[in-house]
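Breakdown of the fold
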Amino acid sequence: MRFDVLTLFPEMFSGYMTQSLLKLAIDRQLVQIHLHNIRNWSRDKHQCVDDRPFGGGPGMVIKPEPTVEAVEEVQTLDANPGKLVMLTPQGETLNQQVVERLATHKRLVLLCGRYEGFDQRVCDILQPEELSIGDFVLNGGEVAAMTVIDTVIRLVPGVLGDEESSHVDSFSTGNRLLEHSQYTRPREYRGHQVPEILLSGDHPQIAAWREKNSRDRTQERRPDLL
Ligand SMILES: Nc1cc(-c2ccc3ccn(Cc4ccc(CN5CCCCC5)cc4)c3c2)n[nH]1
């Protein structure tokens with residue numbers, strides 16, 4: 001799967017791309033991430049990409065020319081132009097079902113804004129899918145784009161090992177329970193014991209304990225999921 005990210009801050013992705021799961025997926029050529037700085041498509045000698053909003057108001061707006069021309073050129077870099085997604089506070093809210101839909105595409109082109117966002121004509125001309133990652137305000141689209149990448153790559157075949165395959169993730173279609181509690185060594189820590197059943201090797205009983213623990217946690221924390 002190929003991701004192209006258009007942003008004014010490509011350096012924000014450097015550390016993220018060295019993160020283990022994504023780095024492994026890239027090294028194994030299961031995933032490609034291509035970063036593009038929108039500023040490289042600015043037309044003026046000062047490389048300006050933003051300007052004051054017509055009609056007044058706070059902040060600056062990213063100009064339509066460099067943005068549209070950047071997306072159009074980036075889309076030509078592969079035979080498949082990809083699914084264009086704009087990260088925005090005003091978009092459809094991301095959830096696991098949206099992630100599963102996005103993962104069906106071979107290429108995602110993620111458009112990250114800053115300031116007050118993009119000139120409306122960027123949406124009118126390019127008609128991107130507009131995505132929010134939740135009802136809170138970020139300072140730009142980059143963290144939202146990383147969230148999209150982070151969630152979608154878990155669904156790319158081969159990225160997760162069989163053991164940890166994503167179909168048993170919480171929120172996956174058909175699985176609406178929170179995950180059960182997890183424990184590892186030591187068996188006791190500051191007087192807190194690991195539940196004996198998990199040490200028993202009795203796998204049917206362990207599975208039953210985990211199912212009940214998932215249900216109890218979901219009832220307690222997210223009854224809306226039941
Ligand atoms: N899920 C989610 C995605 C984003 C997101 C995504 C992309 C961009 C690009 C720029 N920003 C910053 C920003 C923040 C708030 C506003 C609204 N504005 C505030 C001041 C008064 C008028 C209205 C606009 C732009 C972004 C924020 N935030 N949250």
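Just so it is clear, the structure is predicted and the values come from calculations on it, not from any experiment.

Right, let's talk about the overall build of the protein for a bit. The helix and strand inventory of the protein stands at seven helices and nine strands. Dimensions of the protein along its principal axes, counting C-alpha atoms only, are 70 × 40 × 35 Å. If you average the places of the 25 positive and of the 33 negative side-chain charges in the protein, the two averages end up 3 Å apart.

Together, Met12, Phe136, Leu138 and Val143 make up an exposed nonpolar region whose accessible area comes to about 320 Å². Tracing the chain through its elements places Leu138 in the loop between strand S7 (129–132) and helix H6 (142–153).

Near the ligand you find 16 residues, and of these Glu116, Ser132, Ile133, Phe136 and Leu138 are the closest. Within the contact set of the ligand, a nitrogen atom lies 3.0 Å away from a backbone nitrogen or oxygen of Ile133. Bound to the protein, the ligand loses 75% of the 610 Å² it would expose on its own. When each cavity is represented as a set of grid points, the ligand is found to reside in the largest pocket. Considering each element in turn, the shell around the ligand owes the most residues, three residues, to strand S5 (residues 83–93). Classifying every residue of the shell around the ligand by side-chain character gives seven nonpolar, seven polar and two charged.

What follows concerns unusual backbone geometry. In this structure, the amide linkage connecting Arg185 to the following residue, Pro186, adopts the cis form with an omega of 5°. Mapped onto the elements, Pro186 comes out in the loop between H6 and strand S8 (188–189). Not every positive phi belongs to a glycine, and Tyr115 is a case in point at roughly 55°. Along the chain, Tyr115 turns up in the loop between strand S6 (107–111) and helix H5 (120–126). Relative accessible area serves as the criterion here: at 37%, Tyr115 is assigned to the partly exposed category. The backbone of Arg190 shows a phi angle near 50°, a positive value even though the residue is not glycine. Judged by its relative accessible area of 71%, Arg190 falls in the exposed class.

A separate point is the layout of surface pockets. Counted as a void, the largest pocket has a volume near 490 Å³. Taken together, 26 residues make up the lining of the largest pocket; nearest its centre are Leu87, Thr88, Pro89, Gln90 and Gly117. Elements with a contribution of two residues or more to the lining of the largest pocket: S5, H5 and S7. The biggest single contributor to the lining of the largest pocket is S5, with five residues. In terms of residue class, the lining of the largest pocket is built from 12 nonpolar, 10 polar and four charged.

According to UniProt, the feature "binding site: S-adenosyl-L-methionine" (unreviewed entry) maps to Gly113, Ile133, Gly134, Asp135, Phe136, Val137 and Leu138 in the numbering used here. Set against the largest pocket, the annotated residues that line it come down to Gly113, Ile133, Gly134, Phe136, Val137 and Leu138. If sequence neighbours within four positions are ignored, Gly113 has contacts with Ile62, Phe118, Gly140, Gly141 and Glu142. Mapped onto the fold, Val137 is located in the loop between S7 and H6. Judged by relative accessible area, Val137 falls into the exposed class, the value being 76%.

About the cut-offs
- Residues numbered from 1 in each chain as written.
- Predicted model: local features only at pLDDT ≥ 70, side-chain atom pairs only at ≥ 80, totals over all residues.
- Heavy atoms only, no water.
- Helix = DSSP H or I, 4+ residues; strand = E, 2+ residues; numbered from the N terminus.
- Lys, Arg positive; Asp, Glu negative; His and termini not counted.
- Charge placed at Lys NZ, Arg CZ, Asp CG, Glu CD.
- Patch = residues over 30% accessible without salt bridge, like charges linked within 9 Å, V, L, I, M, F, W, Y side chains within 5 Å.
- Areas by Shrake-Rupley, 256 points an atom, 1.4 Å probe, with all protein chains shown as cover.
- Salt bridge = Lys/Arg side-chain N within 4 Å of Asp/Glu carboxyl O.
- Near = heavy atom within 4 Å.
- Polar contact = N/O pair within 3.5 Å; in protein donor to acceptor, adjacent residues only side chain to side chain.
- 1 Å grid on protein atoms, 1.4 Å probe; cavity = no way out; pocket = protein on both sides within 12 Å on 5 of 7 lines; lining within 4 Å.
- Sits in = over half its atoms within 2 Å of the grid points.
- Nonpolar A, V, L, I, M, F, W, Y, C, P; charged D, E, K, R; others polar.
- Buried < 20%, exposed > 50% of the residue type's maximum accessible area, 1.4 Å probe, protein only.
- Points joined across faces, edges and corners; volume = space filled by probe spheres on them.
- UniProt positions renumbered as here; feature names shortened; annotations may be inferred.
- Contact = heavy atoms within 4.5 Å.

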